[in-house]
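Structure assessment
Next come the chains, spelled out residue by residue.
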Amino acid sequence: KHLLRQIPGVVILDFIGLVNGSNTDVSRYDKKCTQGATLCVFILTHPSTGLGKEVAYREAVEKDALYFAAVGARVTRMVLGELEDRNCPLHRYTSAQEVADIVRAYVMQKLQP
């Protein structure tokens, strides 16, 4: 997130996470962030049920998203199939800088008139 915060025009939404708020607070806030953001960046390297729900919430609103997984990380066939079906690439990375560079290029392209 540190590298993404350095991209001009980018505001990072911090999810409540596992420590703060009640279970309901976390669920509602994460859903609101996922559905309302201009762009979601999903790191699929460490899959979880919560991440899967966030991906589904994002797909439901049909807004921009980028998907990343570390080189060698296993991504489920269901997710791979969904990305293929929507012609959405899975970006494989070896460093956080690679993720930031792809996000920066995407944001700069979208901001161009």
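Basis of the calculations
Residues numbered from 1 in each chain as written. Predicted model: local features only at pLDDT ≥ 70, side-chain atom pairs only at ≥ 80, totals over all residues. Heavy atoms only, no water. Phe/Tyr/Trp six-rings, centres within 6.5 Å; stacked < 30°, edge-to-face > 60°. Helix = DSSP H or I, 4+ residues; strand = E, 2+ residues; numbered from the N terminus. Buried < 20%, exposed > 50% of the residue type's maximum accessible area, 1.4 Å probe, protein only. Pairing = 2+ DSSP bridges. Axes fitted to C-alpha atoms, helices over the stretch in contact; angles between N-to-C directions. Parallel < 35°, antiparallel > 145°, perpendicular 65-115°, else oblique. Left-handed = near helix turned anticlockwise from the far one by under 90°. Contact = heavy atoms within 4.5 Å. Salt bridge = Lys/Arg side-chain N within 4 Å of Asp/Glu carboxyl O. Polar contact = N/O pair within 3.5 Å; in protein donor to acceptor, adjacent residues only side chain to side chain. Expected span 1.5 Å × (residues − 1).

Considering the packing of aromatic side chains
Taken as a whole, this structure holds 1 aromatic pair when the rule is applied. A centroid spacing of 5.3 Å and a plane angle of 20° characterise the contact between phenylalanine 42 and tyrosine 67, whose relative ring orientation is stacked. Pair noted here: phenylalanine 42 is in strand S1 (residues 39-43) and tyrosine 67 is in strand S2 (residues 64-70), with a separation of 25 residues, a long-range link. Judged by its relative accessible area of 4%, phenylalanine 42 is buried.

Examining the sheet that holds S2
The pairing of strands in a sheet comes from backbone hydrogen bonds and takes either a parallel or an antiparallel form. Strand order in the open sheet formed by 3 strands is S1-S2-S3, with parallel pairing between adjacent strands. Both edges of this open sheet fall to S1 and strand S3 (90-93), since each of them pairs with a single strand only. Between one strand axis and the next, the sheet turns through 25° on average, direction left out of account. Pairing analysis gives 4 bridges linking S2 to S3, with the strands arranged parallel. Note on S3: the bridge partner recorded for alanine 69 is arginine 92.

Topic: the packing of helix H2 (residues 23-36) against helix H3 (residues 49-61)
For the pair H2 and H3, interaxial distance at closest approach is 8 Å and the crossing angle is 40°. One way to sum up the angle between H2 and H3 is to call them oblique. Considering only the axes of H2 and H3, their crossing is right-handed. Between H2 and H3, the contacting residues are Asp30, Lys31, Thr34, Gln35 and Gly36 on the first element and Glu54, Tyr57, Arg58 and Val61 on the second.

Details of the pattern of salt bridges
Across all of its chains, the model carries 3 salt bridges by this definition. For lysine 110, the salt bridge is made with aspartate 64, and the minimal N-O distance between the two is 3.6 Å. Remark: aspartate 64 occurs in strand S2 and lysine 110 occurs in helix H5 (residues 96-111); sequence separation between them is 46 residues. Here glutamate 82 and arginine 86 are joined by a salt bridge, their closest N and O atoms 3.3 Å apart. One salt-bridge network, held together by shared partners, links Glu59, Glu82 and Arg86.

A short note on the side chain of arginine 58
The residue arginine 58 is located in helix H3 in this model. Separated by 3.0 Å, the side chain of arginine 58 and the backbone oxygen of threonine 38 make a polar contact. Among residues more than four places away in sequence, those in contact with arginine 58 are Thr34, Gln35, Gly36, Ala37, Thr38, Leu39, Cys40, Phe42, Lys63, Asp64 and Ala65.

Let's talk about H3
Three- or four-residue spacings in an α-helix give side chains the same orientation, since the helix completes a turn every 3.6 residues. Relative to the 18 Å expected for 13 residues at 1.5 Å per residue, H3 spans 19 Å between its end C-alpha atoms, a close match to the ideal helical length. Elements in contact with the buried residues of H3: H2, S1 and S2. Once H3 ends, the next one or two residues include glutamate 62, with phi positive near 50°.

Describing unusual backbone geometry
In this structure, glutamate 62 is a non-glycine residue whose phi angle is positive, near 50°. Mapped onto the fold, glutamate 62 is located in the loop between H3 and S2. Despite not being glycine, asparagine 87 has its phi angle at roughly 55°, a positive value. Along the chain, asparagine 87 falls in the loop between helix H4 (77-85) and S3.

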